[in-house]
Amino acid sequence: FSFALSPLVAAEDSKDDKGKVADYFTHSLILNITLAVLLFILITFAKPILYYLKQPEDVIDLCIPYLTIMTFSMVPLMIFQSFRQLSEGVSLTIPVTIATIIGNVVNIALNYGWIYGNWGFPRLEVAGAAWGTFSARVVMMVFLLIVLFNFQKTRTILKMVNFRTIKKEYFRKISNIGIPTALTSFFEMTAFSTAAFICGYTFTDTLMDQELAKVNLAAHQIAINLASTTFMMCTGLGVAATVRVGNQLGLRDYKTLREAGWSCIVMDLSFMFICGVSFILLRYQLPTFYSQESAVIELAAQLLIIASLFQLSDGVQLVVLGALRGMMDVRMPSILTFIAYWVVAIPIGLLLAVYFEMRALGMWIGL
C-alpha cells in the first residue's frame, strides 16, 4: 500500500512542486500508520486459526510467539516505508540503501545473540529472530528519519508537512494506486504463504508423515528464501522503473518514458538469467547454508531447478509492475496477478501436492 506514494511524488518532483510532495507524504503517512494498526488487530485475532490448518503442531507452537512480536514491528515498518517512498520518489535512494544495510547488520547481530544465546544474550530461539527483526525495523526507521531531516531537499519538504490541512482528494488519489498495488502484493504473498502450508500438509498423524512434512517445509523455505533474495534485488530495478517513468510522465516526455521502462526490463532479464543459471549449477551447494540434512538438501536442489525456470518471468513482472505503477496503471496488473496465482498456481499446486502426493515438488510446479 505504501508504494503508492513514490509515483505521485516522482511526478510532482519532476515539476519541482515541493508543496504537493509534502501533502502527498502527509496523507500517505496517516494511511500507512492506520493500515499497520488495523493489520495488527487482524493478525492478533487470527493467530489461533493456525492450529486448524493441519500443520505440525510443534511448528505452530514456535510460530505463534514469533508472529506476536512481528505484529508489533509493523508500525515502525510502515513509518519507515512512508519515509522510504518519499526518499525514493525524489530519487534519493542512497539513504534507504544505507538504512537497509544497517538494519540487516543489526538483525544478523541480534539474531546471532538472541537465537543461540551468544554474547551474553538470553537464548530465545525463534522468538529471538522476531525480536531481532523488530529491533532492526526500529533502527531503520530512526536512521532514515535523522538522515532525511538533514538532507536539504527532503528537509524542505518535511518542514511543509501539515497534519491540520487534510483533504479527501489526496486520500482518494493515494488509495486509487495503493489499494490495487496492495492487492497485487496480497495475491502474490498469500499465494506463497499458502504454498508453504500446502508443502507442510500432513496426510496422517503418524510420526513418519510429520517428519516428511517437515522436510518438505524446510526444503520449500530454503528454495523460497533463495528465490526471494534474487526477487528482492530486482525490486531495486522495479523502484527505478517507477521513479523514472513517473518523472517522465510528469514531464509528458513519453519517448524517454518508454526508453526508461525498456532499459529496466533489459537489465532485469540479464540479471535474472545469471541467477537462474547459478541456481542450477549451485543447487546442491546453496542449501547447505541453511541445513546439513541430506533429505532437505536433496529436495531443495530439485526445487531450485524449478525456481531457476521462473526467474526470468518473475523478475520481468516485478519491473513491469513498477513501470506501470509509475504511469498510475495498477488495476489490470492486480487482476492478472490474481489470475496467475489463485486461478493457475494454487489449484495446480494443490492438485499435484495433495492429490498426487508430490508435496513441495508439486506445489513448486504450480508456482
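Description of the structure in this document. Remember, predicted model here, so these are calculated numbers, not experimental data.

### Regarding helix 2 (residues 18–46)
Point 1. Relative to the 42 Å expected for 29 residues at 1.5 Å per residue, helix 2 spans 41 Å between its end C-alpha atoms, a close match to the ideal helical length.
Point 2. Within helix 2 the residues assigned to the buried category are Val21, Ala22, Asp23, Tyr24, Phe25, Thr26, His27, Ser28, Leu29, Leu31, Asn32 and Ala36.
Point 3. Contact partners of the buried residues in helix 2: helix 1 (5–13), helix 4 (74–89), helix 7 (152–159) and helix 8 (168–199).

### Observations concerning the packing of aromatic side chains
Point 1. In the structure shown here, the tally under the stated rule is eleven aromatic pairs.
Point 2. These aromatic residues form a ring-pair network of at least three members: Phe186, Phe187 and Phe338.

### As for the state of the cysteines
Point 1. Throughout the structure, instances matching the rule amount to zero disulfides.
Point 2. In this structure cysteine 63 is not part of a disulfide, and its nearest cysteine sulfur, from cysteine 199, lies 15 Å away.
Point 3. For cysteine 199, a relative accessible area of 0% corresponds to the buried category.

### Some words on a nonpolar patch on the surface
Point 1. Among the surface-exposed residues, Leu269, Phe273, Ile274, Val277, Ile280, Leu281, Leu282, Ile305 and Leu312 lie close enough to one another that they form a single nonpolar patch of about 770 Å² accessible area.
Point 2. No other element matches helix 10 (residues 254–281), which puts six residues into the nonpolar patch.
Point 3. As for its placement among the helices and strands, isoleucine 305 is situated in helix 11 (residues 294–309).
Point 4. A relative accessible area of 34% places isoleucine 305 in the partly exposed class.

### Describing helix 7
Point 1. For helix 7, the full list of buried residues reads Thr154, Ile157 and Leu158. Viewed along the axis of helix 7, the buried residues span an arc of 95°, placing them on a single side of the element. Residues of helix 7 that are exposed and point more than 90 degrees away from the buried face comprise Gln152 and Lys159.
Point 2. The inward-facing, buried residues of helix 7 contact helix 2, helix 4 and helix 6 (126–148).

### Considerations on the pattern of salt bridges
Point 1. Per the stated rule, a full pass over the model turns up nine salt bridges.
Point 2. Across the salt bridge formed by glutamate 125 and arginine 123, the nearest N and O atoms sit 3.1 Å from each other.
Point 3. Exposure remark for arginine 123: the relative accessible area of 53% places this residue in the exposed category.
Point 4. Glutamate 259 is paired through a salt bridge with lysine 255; the nearest N and O atoms lie 2.8 Å apart. Of the two residues, glutamate 259 and lysine 255 are both situated in helix 10; the distance of four residues between them amounts to about one turn of the helix.
Point 5. Note on glutamate 259: relative accessible area 40%, which makes it partly exposed.
Point 6. Residue lysine 255 is classed as exposed on the basis of its relative accessible area, which comes to 58%.
Point 7. Each of the salt bridges in this network shares a partner with another, and the network as a whole consists of Asp58, Glu211 and Lys214.

### Regarding the packing of helix 5 (residues 94–116) against helix 6
Point 1. Running from N to C, helix 5 and helix 6 point in directions that differ by 155°, and their axes come no closer than 8 Å. Judged by the angle between their axes, helix 5 and helix 6 are roughly antiparallel. In terms of crossing hand, the pair formed by helix 5 and helix 6 is right-handed.
Point 2. Residue classes in the contact of helix 5 with helix 6 are distributed as 17 nonpolar, eight polar and no charged.

### Focus on the nonpolar core
Point 1. Of all hydrophobic cores here, the largest spans 29 residues; its most connected members are Phe25, Phe83, Leu86 and Ile174.
Point 2. If you list the elements that add at least two residues to this core, you get helix 1, helix 2, helix 4, helix 5, helix 6, helix 7 and helix 8.
Point 3. The greatest single-element share of this core, amounting to six residues, is contributed by helix 2.
Point 4. If sequence neighbours within four positions are ignored, phenylalanine 25 has contacts with Leu5, Ser82, Phe83, Leu86, Leu158 and Val161.
Point 5. Core analysis: the next-biggest nonpolar cluster, separate from the first, contains 28 residues, Ala219, Val296, Ile306 and Ala360 among them.

### Topic: the packing of helix 9 (residues 207–251) against helix 12 (residues 311–326)
Point 1. Running from N to C, helix 9 and helix 12 cross one another at 25°; their axes reach a closest spacing of 7 Å. Overall, the two elements helix 9 and helix 12 adopt an arrangement that is roughly parallel. The handedness of the crossing between helix 9 and helix 12 comes out as right-handed. Residues Ala227, Thr230, Phe231, Cys234, Thr235, Leu237, Gly238, Ala241, Thr242, Val245, Gly246 and Leu249 of helix 9 touch helix 12, and the partners they reach there are Gln311, Asp314, Gly315, Gln317, Leu318, Val319, Gly322, Ala323, Arg325 and Gly326.
Point 2. Residue composition of the contact of helix 9 with helix 12, by class: ten nonpolar, ten polar and two charged.

Cut-offs applied
The residue count restarts for each chain, going from 1 along the sequence in the order it is written. Local features in this predicted model are restricted to residues whose pLDDT is 70 or higher, and side-chain atom pairs enter the listing and the counts only when it is 80 or higher, whereas totals over whole chains, interfaces and linings include all residues. Working from all heavy atoms in the structure, the side-chain values ignore hydrogens and water. In this text, helices come from DSSP runs of H or I with a minimum length of four residues, and strands from runs of E with a minimum of two, each type numbered from the N-terminal end. Every helix has an expected span of 1.5 Å times one less than the residues it contains. Accessibility here uses a 1.4 Å probe with only protein chains present; expressed as a share of the type maximum, an area under 20% marks a residue as buried, one over 50% as exposed, and anything in between as partly exposed. Contact criterion: two residues are considered in contact whenever any of their non-hydrogen atoms come within 4.5 Å of each other. Pairing of aromatic side chains here covers Phe, Tyr and the six-membered ring of Trp, requires ring centres within 6.5 Å, and sorts the geometry by plane angle: under 30 degrees stacked, over 60 edge-to-face, intermediate tilted. Any pair of cysteine sulfurs within 2.5 Å is marked as a disulfide. Without a salt bridge and with relative accessible area above 30%, a residue can belong to a patch; like charges are then joined within 9 Å and nonpolar side chains (Val, Leu, Ile, Met, Phe, Trp, Tyr) within 5 Å. To be clear on the numbers: accessible area is Shrake-Rupley with a 1.4 Å probe, and residue cover counts the displayed protein chains and nothing else. We define a salt bridge as a side-chain nitrogen of Lys or Arg found within 4 Å of a carboxyl oxygen belonging to Asp or Glu. What the arc measures is the spread of directions leading from the helix axis to the C-beta atoms. Fitting a line to C-alpha atoms yields each axis, with helices limited to the stretch in contact; the angle taken between N-to-C directions then spans 0 to 180 degrees. Here is the rule for angles: anything less than 35 degrees is roughly parallel, anything more than 145 is roughly antiparallel, 65 through 115 is roughly perpendicular, and the remaining ranges are oblique. Crossing handedness follows the turn of the near helix against the far one: under a right angle anticlockwise gives a left-handed crossing, and clockwise gives a right-handed one. Residues are grouped as follows: nonpolar covers Ala, Val, Leu, Ile, Met, Phe, Trp, Tyr, Cys and Pro; charged covers Asp, Glu, Lys and Arg; every other residue, Gly included, is treated as polar. As used in this record, nonpolar core signifies buried Ala, Val, Leu, Ile, Met, Phe, Trp, Tyr and Cys residues forming a set joined through side-chain atoms within 4.5 Å.

What is shown is where atoms sit, not what they do.
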